[in-house]
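Per-entry structural report
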Amino acid sequence: MAHPAPDLLALLALGEDADQSLLDHVSSCRPCTDEVHALQQVVAVGQSLGPQDRISAPHPRVWQRIASDVNDGRVIPLPGAVVLRERPVVPPAAPAPVPLGGVGEETRRSGEASEDRGHEDRARGAGRPRRRWFVPALAAAVALVAGLAGFGLRGVLDPAPDVVGVTQLNALPRFPGANGTATVEEDPDGQRTLVVSMEMPATAVADGRLEVWMTDSRATDMVPMGMMTGLSGRFPVPAGMSLEGHPIVDVSLEPTDDADPAHSSVSVLRGRLKL
């Protein structure tokens, strides 16, 4: 049997009934078992949410990193919000076991117990609203995690570096409609990285290679950072270079066969970092 679809693993993590072939596969497949355990942690966190939790959009760099992986580096609008807790999330010390024993006596007893609890709830009256939205919403969240896992979501959600500089890149008159963003990230070890992403209109004529530069305000000390790969790129910032002294990010158009390492004097985008 091939690996089950992510949505089937998500439903299994939610405790939904599953056919025996799926249960047999998961019980004998370590990657699938690990995936279900990870999704059960998501379920446990979702079930623990309460009134003290608030909704907040993620930092833009999180979505930019996702977009860079799945959308060829083109930044697209932020798709909604995520839960940001006022208190730390503490997942279970050990994940609940995957129900691999099949559907039998234990399932029947569980159903009877659920029915008994339903009678008790009705006897007490409808004193509080029933959260009928919770299971489908949680299923959607778990399915989203499962679906994005193939794109390296775990790496995306690792502690992100600090953003120490950001700017909007504006088009020069020769390239109307072009735009982009540039950020400088700094990881816990102090390594800084210039991250550039841009868009070009379909009608733009740009015959050559795109090169990224950092320079002072008068363009007298231009430091070449590297060539763009498509319309995006990540470039290490030299350890001794001052961002305050080189706050201008410039994207130039260099001739394809150009052997001159100097700036071509043809800038496509330019912006000043806000530090």
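Residues numbered from 1 in each chain as written. Predicted model: local features only at pLDDT ≥ 70, side-chain atom pairs only at ≥ 80, totals over all residues. Heavy atoms only, no water.

Within an unreviewed UniProt entry, the label attached to the protein reads Anti-sigma-K factor rskA, and the organism entered is Microlunatus sagamiharensis.

**A few points about the pattern of salt bridges**
All told, the structure shown has three salt bridges when counted by the stated rule. Its salt-bridge partner being Asp34, residue Arg30 comes within 2.9 Å of it at the nearest N-O pair. Taken as a pair, Arg30 and Asp34 lie in helix H3 (residues 30–47) at a separation of four residues, close to a single helical turn. Overall, Arg30 belongs to the exposed group, its relative accessible area being 62%. Ionic pairing is found between Glu185 and Arg234, a salt bridge with its closest N-O pair at 3.1 Å. Placement of the pair is Glu185 in strand E4 (residues 179–186) and Arg234 in strand E8 (residues 232–236), with a sequence separation of 49 residues. Given the relative accessible area of 5%, Glu185 is considered buried. (Salt bridge = Lys/Arg side-chain N within 4 Å of Asp/Glu carboxyl O. Helix = DSSP H or I, 4+ residues; strand = E, 2+ residues; numbered from the N terminus. Buried < 20%, exposed > 50% of the residue type's maximum accessible area, 1.4 Å probe, protein only.)

**With respect to the state of the cysteines**
Following the criterion strictly, the structure yields zero disulfides and no others. For Cys29, which is in no disulfide, the shortest distance to another cysteine sulfur is to Cys32 and amounts to 3.6 Å. Assessed through its relative accessible area of 10%, Cys29 is described here as buried. (Disulfide = S-S within 2.5 Å.)

**Considering the nonpolar core**
Soluble globular proteins: nonpolar side chains tend toward being buried together. Counting residues in each nonpolar core, the largest one holds 24 residues, and the members touching the most others are Leu194, Val196, Val212 and Met225. Mapped onto this core, the elements with two or more residues apiece are E4, strand E5 (192–199), strand E6 (209–215), strand E7 (222–227), strand E9 (248–254) and strand E10 (267–272). Val212 has contacts with Leu194, Val196, Val223, Pro224, Met225, Gly226, Met228, Phe235, Val249, Asp250 and Val251, leaving out every residue within four places of it along the chain. Core analysis: the second largest hydrophobic core is formed by 14 residues, Leu23, Val26, Cys29 and Leu39 among them. (Core = buried A, V, L, I, M, F, W, Y, C linked by side-chain atoms within 4.5 Å. Contact = heavy atoms within 4.5 Å.)

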